[in-house]
Amino acid sequence: MSKRRFWILSIIIFLLLIFMFYMQIATYSVYPPHLGGMSYRVRFENLWHTSVFFYGIVLFVIFFSFYLMFKIISILYYLIFKFKRE
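Quick caveat, the model's predicted, so the values are computed rather than measured.

Digging into a nonpolar patch on the surface
Move 1: A surface patch of nonpolar side chains, about 860 Å² in accessible area, is lined by Leu16, Phe19, Met20, Tyr22, Met23, Tyr40, Phe44, Trp48 and Tyr55.
Move 2: Secondary structure elements with two or more residues in the nonpolar patch: helix 1 (2-26) and helix 2 (40-47).
Move 3: The dominant element in the nonpolar patch, judged by the number of residues it contributes, is helix 1, at five residues.
Move 4: Here methionine 23 lies in helix 1.

Brief notes about the confidence of the model for the chain
Move 1: Within the chain, residue pLDDT values average 84, and 91% of them lie at 70 or more.
Move 2: Taking the mean pLDDT of every element in the chain, the minimum, 79, falls on helix 2 and the maximum, 89, on helix 1.

Here's the deal with the packing of helix 1 against helix 2
A pair of packed helices is characterised by two quantities: the angle between their axes and the separation of those axes.
Move 1: Running from N to C, helix 1 and helix 2 cross one another at 110 degrees; their axes reach a closest spacing of 9 Å. In this view, helix 1 runs roughly perpendicular relative to helix 2, as classed from their interaxial angle. The hand of the helix 1/helix 2 crossing is right-handed. Here helix 1 contributes Phe21, Tyr22, Gln24, Ile25 and Ala26 to the contact with helix 2, which in turn contributes Tyr40, Arg43, Phe44 and Leu47.
Move 2: Looking at side-chain class alone, the contact of helix 1 with helix 2 contains seven nonpolar, one polar and one charged residues.

The rules behind each value
Residues numbered from 1 in each chain as written. Predicted model: local features only at pLDDT ≥ 70, side-chain atom pairs only at ≥ 80, totals over all residues. Heavy atoms only, no water. Patch = residues over 30% accessible without salt bridge, like charges linked within 9 Å, V, L, I, M, F, W, Y side chains within 5 Å. Areas by Shrake-Rupley, 256 points an atom, 1.4 Å probe, with all protein chains shown as cover. Salt bridge = Lys/Arg side-chain N within 4 Å of Asp/Glu carboxyl O. Helix = DSSP H or I, 4+ residues; strand = E, 2+ residues; numbered from the N terminus. pLDDT = per-residue confidence, 0-100. Axes fitted to C-alpha atoms, helices over the stretch in contact; angles between N-to-C directions. Parallel < 35°, antiparallel > 145°, perpendicular 65-115°, else oblique. Left-handed = near helix turned anticlockwise from the far one by under 90°. Contact = heavy atoms within 4.5 Å. Nonpolar A, V, L, I, M, F, W, Y, C, P; charged D, E, K, R; others polar.

Quick look at the structure:
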């Protein structure tokens, strides 16, 4: 049950970070481009390097990819040595 809670909490935090980053970009300039506002791409270029939420998303992706990598390696290691013993 503990693993399940961990994954549910991780998914909720990840979705919250994505939502907060989207809201930060969306509220950066509320005017449309033809009224002096900025396009989505320009807003993203201006905000990504100063956003805590963006770096939180990057850290989640990095840690999740490391977790998957080690999980796959451990499964392959188990399968290789299981068949090698037989």
